[in-house]
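Reading the structure
The residues making up each chain are set out below.
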Amino acid sequence: MFDISIRNGNIVEEDRVYKGNIYIKDGKIVLISGCEEPVTEVLSAALVMDAAGKLIFPGAVDAHMHIGEYQADFEDMQTSTMAAAAGGITTCIDMPLNLNSPSVLNPEIFKAKQERLSRESYVDFSMWGALVPQNLKELPGLNRAGAAAFKCFLSGGGNDFSAPDLGMVRIALKEIEAFNGLAGFHCEDYSITRLEREYVVKNKINGRQAFLNSRPLVSELIATQNILFLAGETKARVHICHVSHPKVAALIEKAKNEGVDVTAETCSHYLTFSEEDYLEKGCLFGCAPPLREPAAREGLWDYVARGVLSCVASDHSPGMPYNRDDRNQPTYESGFGISSVQTVFQTVYDQGVNKRGFSPNLLASCLSANPARRFGIYGRKGAVKVGFDGDIVIFDPEKEWRVDAKQLFYKQKITAFDGLSGKGLPETVLIRGVPVFRSGKIQTEKGFGRFVPVQK
Ligand SMILES: [Zn+2]
C-alpha cells in the first residue's frame, strides 16, 4: 500500500511533459506509472489526489533565500518558510547574512542556526556559510558542518559582513577548491559603489535616479569579471548571484565556454520589472544590483532559456514598511531588498510561459533541477523521479491570480509584487509526500522542515 498517489497529472521534467500517476511511500517517490509507457493500471494508496488538467512540477529549490531570524520584526523563520511552502518552494538554501546576527561565520554558529531552523522551518533547508575577511580559516570547518556554499559580498554586506579584497578572495577560492566547495558572489565593485554612495550621502542628493546612479552596471561587470578571472586561475567552483543584466551574463557565458566552472542565477524581480518601475513606484522596487532598463529584462530571459542563467532564485529580502518608502526619508536613507519567496514560482511561470512562450520545462530546470544539482542535493531534491523525495507542486495552469500583499504569509505585508496579476498558481504543495499547503492553508506545523545535507 502506498501512502499517497497523485493521479492523471501532467508531469513536468526538464525535457518533456507526460501524463502519469505518482506513488509515494515513506516520503519518497517509489513508482511513476506512465513514465515509460502509457498508464494501464491504477494502484491503491491511503490518500489519492486527482490532478487531471494540472501540471506536476518538482518542488522548487530556492538557492538564494534570506529566511530571517535576527531582524525579527522584518521576517522570521516561520513566516518566511510558510510563504515559501505556499509558493511552491520546498527547499530553501538560507543565506548566512543580513537577517542573521551573528552571520554564519564558523561551524558553531552554523550548528546553532541549523538547530533553530530545525525547530522553526516549514520547508526543507540547506544553508550557506559566510566568506568574509575574518573567517578564511573557518571555511574547511564550515564545509565539514555541511555548508552548501560560501557567500561573499564584494560590495560589503553590513554588520560583520565586510567585503574581502581580491587577494583574500583568491586565497579563499584556493581553500574552497581544495575541498571542492562552491563559492557564491554578490558582484558589485565596492570601490565604485562605496564612493558613489558616499558622494550621494555627503551631498544629500535625494531621489531614485541617484540610487540607480550609485550602483552602475559597470561595477557589476567589473566585479563579475574579476571573479571569473580568479575562478579560472584557481579552478574553484563559483556561482554568480542575482545577475541583473545580459551583459553580465555574456561575461559568464564566455568564461563557461573557456572552461571556468561557473553557474549563475537571476531573480524573479529582474525577470518581471525594470528601473522604470523603481523610478515610478519607489523603494519597494529597490534592490542591489538595481533593476535595469526594460531591454535588459528581455535579454535576461534569453540567457535563462539558454541555461547560462541556469538558476532563478528569490533573494527574498524583507524590510519594514516605513523603511521601504522614500516619502519618509531621503531615498539614500531608505532600505532596499524585495520580498518575493511566495510569488517566485507563479511569477516565473506567468512571465515565462504565458507572456513569453517558453515551455514549462524551463521551470523544472531553473527552479528545481539546476539549483539542486549545483548545490549538491540533486538525487534527493530537484525532480519528480523515482528515488527522489516526494516534493511536488500540483500547479493549476488556468488559475488567475492577483497578488494581494495583505494575503501573503510575510510578516511585513509589503512586496514589489503587490497588485501584479497573472495566470497559473501552485494549488497543492507536498514535501516528502506530505501536503504542506492545500486549499489555501498551511497544513503542517513549524519544525516540519528538515536539514538537507550536501552530497559530497
Ligand atoms: Zn541576497
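In what follows, the structure referred to is the one given above.
Notes on the structure follow. (Residues numbered from 1 in each chain as written. Predicted model: local features only at pLDDT ≥ 70, side-chain atom pairs only at ≥ 80, totals over all residues. Heavy atoms only, no water.)

**Here we look at the sheet that holds strand β10 (residues 182-186)**
Defined as follows: Strand pairing is defined by DSSP finding a minimum of two bridges between the two strands. Under the DSSP-based scheme used, a helix requires at least four consecutive residues in state H or I and a strand at least two consecutive residues in state E, with every element numbered from the N terminus. As a rule, the C-alpha atoms of each element are fitted with a line to give its axis, helices using only the stretch in contact, and angles between N-to-C directions run from 0 to 180 degrees. In what follows, residue pairs with any heavy atoms lying within 4.5 Å of each other are defined as contacts.
Spatially, eight strands are ordered β6-β7-β8-β9-β10-β11-β12-β13 in an open sheet, and the strand pairing comes out parallel. Either end of the sheet is taken by a strand with one partner, and the two such strands are β6 (60-65) and β13 (311-313). Put simply, the sheet's adjacent strands are angled 30° from each other on average, direction ignored. One ladder, built from three bridges, connects strand β12 (residues 262-267) with β13; its direction is parallel. Residue glutamate 265 lies in a different strand from β13, and its bridge partner there is cysteine 311. Its contacts with the sheet place helix α13 (residues 361-374) against β6, β10, β11 (237-240), β12 and β13, and it is angled at close to 65° to β6.

**Describing the environment of valine 353**
Here is the rule we go by: Remark: exposure states derive from per-residue accessible area (1.4 Å probe, protein chains only) relative to the maximum for the residue type, with buried under 20%, exposed over 50%, and partly exposed in between.
In this structure, valine 353 sits in helix α12 (residues 344-354). According to the relative accessible area criterion, valine 353 is buried, its value standing at 15%. Put simply, valine 353 and methionine 49 are 304 residues apart on the chain and 25 Å apart in space, counted from C-alpha to C-alpha. Every residue in contact with valine 353, bar those within four places of it in the chain, is listed here: Val348, Phe358, Ser359, Pro360 and Leu363.

**Concerning the side chain of histidine 245**
Operational definition: In the analysis that follows, any N or O atom pair within 3.5 Å is treated as a polar contact, provided that within protein one partner can donate a hydrogen and the other can accept it, and provided that, for residues neighboring in sequence, both atoms belong to side chains.
Summarising the element assignment, histidine 245 is placed in the loop between β11 and α8 (246-257). A polar atom in the side chain of histidine 245 sits 2.9 Å from the side chain of glutamate 293. Dropping the residues within four chain positions of it, histidine 245 is found in contact with Leu217, Glu220, Arg292, Glu293, Ala296 and Leu300.

**Re the coordination of the zinc ion**
To be explicit about the condition: Nitrogen, oxygen and sulfur within 2.8 Å of a metal are treated as its donors, or within 3.2 Å for sodium, potassium and calcium (Na, K, Ca); water is not counted, so a site can appear incomplete.
Bound to the zinc ion on the protein side are His64 (NE2), His66 (NE2) and Asp315 (OD), at distances that span 2.1 to 2.2 Å. Between consecutive donors of the zinc ion, the numbers of intervening residues give the motif H-x1-H-x248-D. Linking histidine 64 in strand β6 with aspartate 315 in the loop between β13 and α12, this pair joins segments that are 251 residues apart in sequence. Among the residues examined, histidine 64 registers a relative accessible area of 1% and is labelled buried. According to the relative accessible area criterion, aspartate 315 is buried, its value standing at 9%.

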